[in-house]
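# Coordinates in review
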Amino acid sequence: MIKVDYDFAGICENNELQNLEKEILNSHELIMNANGAGNDFLGWRDLPLQIDCVADIQNVARALREKNDIFVVIGIGGSYLGARAVIEALSSAFANLMSKKNSPIILYAGENLSEDYMVDLLEVLKTKDYSLCVISKSGTTTEPAIAFRILKKELEEKYGKEEAKNRIIAITDKSKGALRGLATENGYKTFEIKDDVGGRFSVLTPVGLLPIAVAGFDIEKILQGAKEIREVLINNKSMTNPAWKYAAFRNLLYAKGKKIDVFLSYLPSLQYLSRWWQQLFGESEGKNGKGLFPVCLLNTTDLHSMGQYIQEGERIMFETILQVENSNKNVEIPFDKDNKDGLNYLLSHSLNEINLVALQATRQAHLSGGVAQVRISVERVNEKILGAILYFFEFSCALSAYTLKVNPFNQPGVEAYKNNMFDLLGKNK
């Protein structure tokens, strides 16, 4: 389902990767035996086997699809990126412009503090039927808390408090926190965020599954894909394990002085998957003065803006390439008898074939320029494969961080700016 291959571009030798096998095995055992740093946040490991609320999610999603034009997901970081990654990967690029829809448009709030964005969103919601899904363990994270307060007020004014409470879903802590208190007090439908699952590892919980189901996609297939790859990643204790390959490659290149991991996809629909990957690895590894800096680019678009630097700039990076072999749709390049643009030579190729040739040509160019690469290949984009990709990256991330000798599951650094904000806004006075 997922294939991993790599080329060191002369920077390393294959035997150096094999020399990391014992370290990767140790990291693997830390995950499986739950005796590493952050071991109280390993709940993501077994989620594909343990999600017991799928039927409830599907029933709630079905009801929300029937009565809404828009479904607003309120959350930040791991509370929305996973859901958005899957929804955008599976949706038409122009879904919001289509007049005939089977599911509500999914919009997002609480991931920024832009006043203009909020006012524009409120204007759209005035003429549409909508519901809210607020996602937060605590209910006090500044961005989503502000967005929820504003949107809840507008929802109650539009529908009245009784109907509004039927249009709010809260995904939060089981028993504590401000959002749990609000949900209990007002009678909102709730789903639980388990204590042992951190935000950036939560896409295979109701945090990700409910918005994905409301968007009309098959969450059972997503979980099935995650379950199947889980069996491979957990049971194969060798360097043929794709997650072992990826974790070892990253750590070896980091030890060789490479500081930036550039994630490349060649499909616009995968832009938010790239951003989810970026948070997953950046927040998991970037601590204790260590960690690769994760950057995501979209090719071939960014070849015309960043390609020059990657080809001939400072040699501080390597590439993670997500290659999708087949498209789900087809379009033909038309014949033109005048051929003034000189494109008739491409008539025997599909647009997807040309895109893959661009990928291969870029790989060859960057390798010749000394840029090492790891390629992660999948057959196509669908629910099952996306479930596998999500779990693959989560497992690889935990392996990679443990091999780097950092706790994959904490994020102490994010509190610094929050405390400064509270001081500057007068909260602590």
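Residues numbered from 1 in each chain as written. Predicted model: local features only at pLDDT ≥ 70, side-chain atom pairs only at ≥ 80, totals over all residues. Heavy atoms only, no water.

Here the idea is plain: a probe the size of a water molecule rolls over the atoms and shows the empty space left. If you walk through the whole model with that rule in mind, you get two cavities of 30 Å³ or more. Here the largest cavity is characterised by a volume of approximately 60 Å³. Taken together, Tyr-266, Leu-267, Leu-322, Gln-323, Val-324, Asn-355, Leu-356 and Leu-359 make up the lining of the largest cavity. For the lining of the largest cavity, the elements supplying multiple residues, two or more each, are β9 (317-324) and α15 (351-368). In terms of residue class, the lining of the largest cavity is built from six nonpolar, two polar and no charged. Here the second largest cavity is characterised by a volume of approximately 40 Å³. (1 Å grid on protein atoms, 1.4 Å probe; cavity = no way out; pocket = protein on both sides within 12 Å on 5 of 7 lines; lining within 4 Å. Points joined across faces, edges and corners; volume = space filled by probe spheres on them. Helix = DSSP H or I, 4+ residues; strand = E, 2+ residues; numbered from the N terminus. Nonpolar A, V, L, I, M, F, W, Y, C, P; charged D, E, K, R; others polar.)

Among the nonpolar cores identified, the biggest contains 100 residues, and Trp-44, Leu-210, Trp-276 and Phe-393 are the most heavily contacted of them. Here the element with the most residues in this core is helix α16 (residues 383-403); it accounts for 14 residues. (Core = buried A, V, L, I, M, F, W, Y, C linked by side-chain atoms within 4.5 Å. Buried < 20%, exposed > 50% of the residue type's maximum accessible area, 1.4 Å probe, protein only.)

Let us look at the environment of Tyr-130. Summarising the element assignment, Tyr-130 is placed in strand β4 (residues 130-135). Note: C-alpha distance between Tyr-130 and Lys-384 (254 residues apart in sequence) is 29 Å. Excluding its chain neighbours within four sequence positions, the residues that come into contact with Tyr-130 are Asn-68, Ile-70, Leu-125, Leu-151, Glu-154, Leu-155, Lys-158, Tyr-159 and Arg-167. Of the polar contacts made by the side chain of Tyr-130, one reaches the backbone nitrogen of Leu-155; its length is 3.4 Å. (Contact = heavy atoms within 4.5 Å. Polar contact = N/O pair within 3.5 Å; in protein donor to acceptor, adjacent residues only side chain to side chain.)

Moving on: the packing of aromatic side chains. Each aromatic ring pair is specified by the distance between its two centres and by the angle formed by the two planes. In total, this model carries 22 aromatic pairs according to the counting rule given. Between Tyr-130 and Tyr-159 the ring centres are 6.1 Å apart and the planes differ by 65°, which places this aromatic pair in the edge-to-face class. Of this pair, Tyr-130 sits in strand β4 while Tyr-159 sits in helix α7 (residues 142-159), and the two are 29 residues apart along the sequence. In this structure an aromatic cluster arises from ring pairing among Trp-44, Phe-201, Tyr-391, Phe-395, Tyr-402 and Phe-409. Residue placement shows Lys-259 over the ring face of Tyr-254; its charged tip is 4.6 Å from the ring centre. The cationic tip of Lys-427 hangs over the ring face of Phe-422; the distance from NZ or CZ to the ring centre is 4.2 Å. (Phe/Tyr/Trp six-rings, centres within 6.5 Å; stacked < 30°, edge-to-face > 60°. Lys NZ or Arg CZ within 6 Å of the ring centre and 35° of its normal.)

A full pass over the atoms with the stated rule returns 23 salt bridges. One salt bridge in this structure joins Lys-126 and Glu-123, with 3.0 Å as the shortest N-O distance. Remark: Glu-123 and Lys-126 occur in helix α6 (residues 115-126); sequence separation between them is three residues, near one turn of the helix. Given a relative accessible area of 53%, Lys-126 falls into the exposed group. Here Lys-165 makes a salt bridge to Glu-162, at a shortest N to O gap of 3.2 Å. Here the residue Lys-165 and the residue Glu-162 both occupy positions in helix α8 (residues 161-165), the gap between them amounting to three residues, near one helical turn. Assessed through its relative accessible area of 25%, Lys-165 is described here as partly exposed. Here Glu-162 falls in the exposed class, since its relative accessible area comes to 54%. Connected through shared salt-bridge partners, Arg-45, Asp-46, Arg-230 and Glu-231 make up one network. (Salt bridge = Lys/Arg side-chain N within 4 Å of Asp/Glu carboxyl O.)

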